[in-house]
Amino acid sequence: MQLTTLRVAADRPKTLGVPLQFLVTGGWMSQSVDRASMFWDWFAGHVDDIAAGAHRSSEIRDLPPVLVELSSRVVALGFGGAWEIGPDDRGWFFCVSPGASADRLAETKEFVALAPSIAGWVFHAAKPAKIWDRRAMTFDGGEVDVDSWQYQLRRWDDGAMGIIWGLPERPPGDDGDWDELGWMLLESELGEAVVIQHFVDVEMVVNPPWLLDDSGNKISILRDHVQQLTDDVGDA
């Protein structure tokens, strides 16, 4: 049986750095260690059912009861509600998403640091980079093949980066929504934590000159390219 990643998404904040909803002086964990411990105790007690449910679920509407409860418990943590379960070379991974916020990333790292050691499972504080069979994104009800996309990186004096995606054709949806597709692809290639920590801008351009003459960067080298600049592409 081919395994896919189960994604439960929350709305992306419109700007980076949205503060944690209930962050108070002293840090999230100083206020919420009991809540985190209760979550992980529950997760460890239902881990077999969670894995079985992830096996069976290919779409959000098909969530079995144990994953509905998992989703509710993630929402109660206050990180925004997004989470993923998927196959990992060690078995399974589970992650909560900090939702494009550097403040939340610090808190999700504290949360994951409390995770128990469970054979066959690895836990992340942000969405890990995607392991592709084929680079294709689902967006606005359609599938977008992104293997032929190219890119150029921007880098500012303070180290922050932006990316310009060169597209051979218009993706589905309105022009104003394309940036969301660009952010989704960037996170899928690099992992959410790297994007939060280093990227501040995404631009989408249809048929730029450097795409037409094939002088842009191939998407397949993006991870290595950014790793050379940041030395930290990977999982949180």
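Every chain is numbered on its own, with residues counted from 1 as its sequence reads. Where local features are concerned, this predicted model is filtered to residues with pLDDT of at least 70; where side-chain atom pairs are given and counted, the filter is 80 or more; whole-chain, interface and lining totals use all residues. By convention in this description, side-chain values take in all heavy atoms of the structure and omit both hydrogens and water.

**Comments concerning the confidence of the model for the protein**
The predictor rates its confidence in each residue with pLDDT, a number between 0 and 100. With 82% of its residues at a pLDDT of 70 or more, the protein shows a mean pLDDT of 83. Secondary structure elements follow DSSP: runs of H or I no shorter than four residues count as helices, runs of E no shorter than two count as strands, and numbering proceeds from the N terminus. Considering each helix and strand of the protein separately, the mean pLDDT is smallest for strand β1 (residues 6-8), with a value of 50, and largest for strand β4 (residues 121-124), with 96. Any two residues whose heavy atoms approach within 4.5 Å are treated as being in contact. Counted against residues more than four places away or in other chains, residues 1-5, with its pLDDT under 50, gives 13 contacts. Between residues 11-26, whose pLDDT stays under 50, and residues either more than four places distant or in other chains, the model counts 34 contacts.

**Some words on the environment of W92**
Tracing the chain through its elements places W92 in strand β3 (residues 91-96). For the pair W92 and A54, spaced 38 residues apart in sequence, the C-alpha to C-alpha distance is 9.6 Å.

**A few points about helix α8 (residues 222-230)**
Taken together, the buried positions of α8 are occupied by L222, V226 and T230. One side of α8 carries all its buried residues, which in axial view fall inside an arc of 50 degrees. In the core, the buried residues of α8 are packed alongside β7 (150-155), β8 (161-167), α5 (178-190), α6 (192-198), β9 (199-206) and β10 (217-218). At the C-terminal side of α8, D231 shows a positive phi close to 60 degrees. For the exposure calls, accessible area comes from a 1.4 Å probe over protein chains only, and a residue counts as buried if that area is under 20% of its type's maximum, exposed if over 50%, partly exposed in between. By arc we mean the arc of the directions from the helix axis to the C-beta atoms, nothing more.

**What to know about the sheet that holds β7**
Pairing between strands is defined by DSSP: at least two bridges between them are needed. Within the open sheet, the 4 strands sit side by side as β9-β8-β7-β10. Their pairing is mixed. Single-partner strands in this sheet number two, and they are β9 and β10. In terms of strand pairing, β7 meets β10 through 2 bridges, oriented antiparallel. Bridged to Q150 within β10 is K218. Strands β8 and β9 of the sheet are contacted by α5, whose axis makes an angle of about 120 degrees with β9. As a rule, the C-alpha atoms of each element are fitted with a line to give its axis, helices using only the stretch in contact, and angles between N-to-C directions run from 0 to 180 degrees.

**With respect to the packing of helix α2 (residues 47-56) against helix α3 (residues 65-77)**
Viewed as axis vectors pointing N to C, α2 and α3 meet at an angle of 110 degrees, and their least axial separation amounts to 8 Å. What the angle tells us is that α2 and α3 run roughly perpendicular. Here D49, I50, G53 and A54 of α2 lie close against α3, whose contacting residues are V66, L67 and L70. Only Asp, Glu, Lys and Arg are considered charged in this grouping, and only Ala, Val, Leu, Ile, Met, Phe, Trp, Tyr, Cys and Pro are considered nonpolar; every other residue, Gly among them, is considered polar. Taken together, the residues of the contact of α2 with α3 sort by class into 5 nonpolar, 1 polar and 1 charged. Here is the rule for angles: anything less than 35 degrees is roughly parallel, anything more than 145 is roughly antiparallel, 65 through 115 is roughly perpendicular, and the remaining ranges are oblique.

**Considering the packing of α5 against α8**
Viewed as axis vectors pointing N to C, α5 and α8 meet at an angle of 75 degrees, and their least axial separation amounts to 9 Å. As far as their axial angle goes, α8 and α5 are roughly perpendicular. Facing α5, whose interface residues are L186, S188, E189 and L190, α8 presents L222, R223 and V226.

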